[in-house]
Amino acid sequence: MRRGPMHNDRGPRVRGYKIMTTPNEALRTILPVAGWGDGQAADVVFTGGADPVLPTPFRIGAAGAATLAASGLAATELWQVRTGRRQRVTVDLRQAAAALRSGHYLHLAGTEVSSARNTVMGVYPTRDGRWSYLHCNFPNHRAAALSVLGVPEDREAVARAVATWNAADLEEAIIAAKGAGGMARTQAEWARHPQGAAVAALPLMEIIRIGDSDPEPLPTGDRPLSGIRVLDLTRVLAGPTCARTLAEHGADVLRITGAHLPSLGYQELDTGHGKLAAHLDLRAPGDVDILRGLVRKADVFSQGYRPGTLANRGLSPEELAAIRPGLVYVSLCAFGHAGPWASRRGFDTVVQTVSGMTIRQAECVPGKTLRGRNSTRSRRSIIAQVT
């Protein structure tokens, strides 16, 4: 929400946005997207104190609590349609912040599940005094970065190679090699960047009519989303968490991935609750036909591919709405659907790095700063705290 100077009570002000300091404020920026307002917000009670919950200048607790509250309000709306009864939503801010990091608390058979990153993934100093982030958890992205740098999978070798590059040049070279990463920017630099400006011009979320259909009654069931069928074509964290949320409210969710696609494994243990799973290779026309058949019986299609990727395979919102009128088509991507980076590969840590969040975090964590050439090992820990 564009308002005036941005300030989070720690460090210098950055012009552009107003910080939402309480969950109530944050919730009231979300609800208008669905045509809701203070009437629905009055049904929410927030407990559990206030930020900071984690060592960060960002209002993670408020943002998490508001998002969970909005999800809860949607569930109560559906419950009222089913039963005629309205419920109130209560969200604990500290628990909401913990819920954003649920994978960190995961145990399997009484044992902690490791979420350790690949050893060469991280932020490195560059020749021009900047910092460059290499996203190397997936083997294909790691191979792309190592190919550009011309070194083996060794952290010290990577550091020496990155030090010979200017950060902006390395950013573009890695993207051109179909990798993922970026140059660490400040918030002010991101506000001036063409992609930053493009994203700032977009609303938080958009609800767009993609076709017409006759009204459909909710399927019978004892949960808000009982009987609703969801196809989940998302990966890693944000998209799978979206579909997991639908499953938590009773939806039947089928996760579609491919055996050829890289996977970290442990993330699915956290985001896969309540889902079934199947493999399809969307490079094969026969498997695309199978997916189309599933769409005809679905209510929600959630996908996290870059803009245009599925449309190139005949799976655009308009095409799927034509074969399944009334379909809700959900799209999530790193950099939005507008701007020069709309089709760029990205992950949460990449977005944090290029948009100024990583540098802002470093400025506010004692002993860790990007202004000097401190160790890349300590820099990686900063990113872990943000995420």
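Just so you know, the residues in each chain are numbered from 1, in the order the chain's sequence is written. Selection of residues for local features in this predicted model requires a pLDDT of at least 70, selection of side-chain atom pairs for listing and counting requires 80 or more, and totals for whole chains, interfaces and linings are taken over all residues. The basis for every side-chain value is the complete set of non-hydrogen atoms in the structure, without hydrogens or water.

Participant: What is the right way to read the sheet that holds strand β14 (residues 328–331) from this model?
Facilitator: Whenever strands of a sheet pair, they do so through backbone hydrogen bonds, lying parallel or antiparallel. Two strands make a pair as long as DSSP finds a minimum of two bridges between them. Runs of H or I in DSSP of at least four residues are treated as helices and runs of E of at least two as strands, each being numbered from the N terminus. Spatially, β12-β11-β10-β13-β14 is the arrangement adopted by the 5 strands of the open sheet, whose pairing is parallel. Of all strands in the sheet, those with a lone pairing partner are β12 (275–279) and β14, marking the two edges. Neighbour to neighbour, the strand axes of the sheet diverge by 20° on average, direction disregarded. Where strand β10 (residues 229–233) and strand β11 (residues 252–257) come together, 4 bridges link them in parallel fashion. Following the sheet pairing, R229 is matched in β11 by D252. The criterion used for residue contact is that any of the two residues' heavy atoms lie within 4.5 Å. Every axis in this analysis is a line fitted to C-alpha atoms, fitted for helices over the stretch in contact. Angles between the N-to-C directions lie between 0 and 180 degrees. Its contacts with the sheet place helix α10 (residues 238–248) against β10, β11, β12 and β13 (300–303), and it is angled at close to 165° to β10.

Participant: Mind showing me how you'd approach the packing of aromatic side chains here?
Facilitator: Here a ring pair, both rings aromatic, is described through the centre-centre distance and the interplanar angle of the planes. Classification of ring pairs uses Phe, Tyr and Trp, with its six-membered ring standing for Trp, and accepts pairs whose centres are within 6.5 Å; under 30 degrees between planes counts as stacked, over 60 as edge-to-face, and the remaining range as tilted. Taken as a whole and judged by the stated rule, the model has 4 aromatic pairs. Aromatic side chains F301 and Y329 sit 5.0 Å apart centroid to centroid with 35° between the ring planes, which places their arrangement in the tilted category. A residue pair is termed long-range when its members are at least 10 positions apart, and F301 in strand β13 and Y329 in strand β14 qualify at 28 residues. Of the two residues examined, F301 and Y329, each falls in the buried class. Each residue in the set W190, F335 and W341 is aromatic and connected to the rest through ring pairs, giving one cluster. Stacked on the ring of F138, the Lys or Arg R235 has its end atom at 5.4 Å from the ring centre. In this scheme, a residue with accessible area under 20% of its type's maximum is buried, one over 50% is exposed, and one in between is partly exposed, where area comes from a 1.4 Å probe on protein chains only. Whether a charge sits over a ring depends on NZ of Lys or CZ of Arg being within 6 Å of the ring centre and within 35 degrees of the ring normal.

Participant: Please explain the nonpolar core as it appears in this structure.
Facilitator: The tendency in soluble globular proteins is for nonpolar side chains to be buried side by side. Each nonpolar core is a collection of buried residues, namely Ala, Val, Leu, Ile, Met, Phe, Trp, Tyr and Cys, held together in the definition by side-chain atoms within 4.5 Å. Counting residues in each nonpolar core, the largest one holds 29 residues, and the members touching the most others are L134, L149, V151, V158 and V162. Listing elements by their share of this core, those giving two or more residues are β7 (122–125), β8 (131–134), α5 (139–149), α6 (155–162), α7 (167–176) and α14 (348–355). Every residue in contact with V151, bar those within four places of it in the chain, is listed here: L146, A157, V158 and A161.

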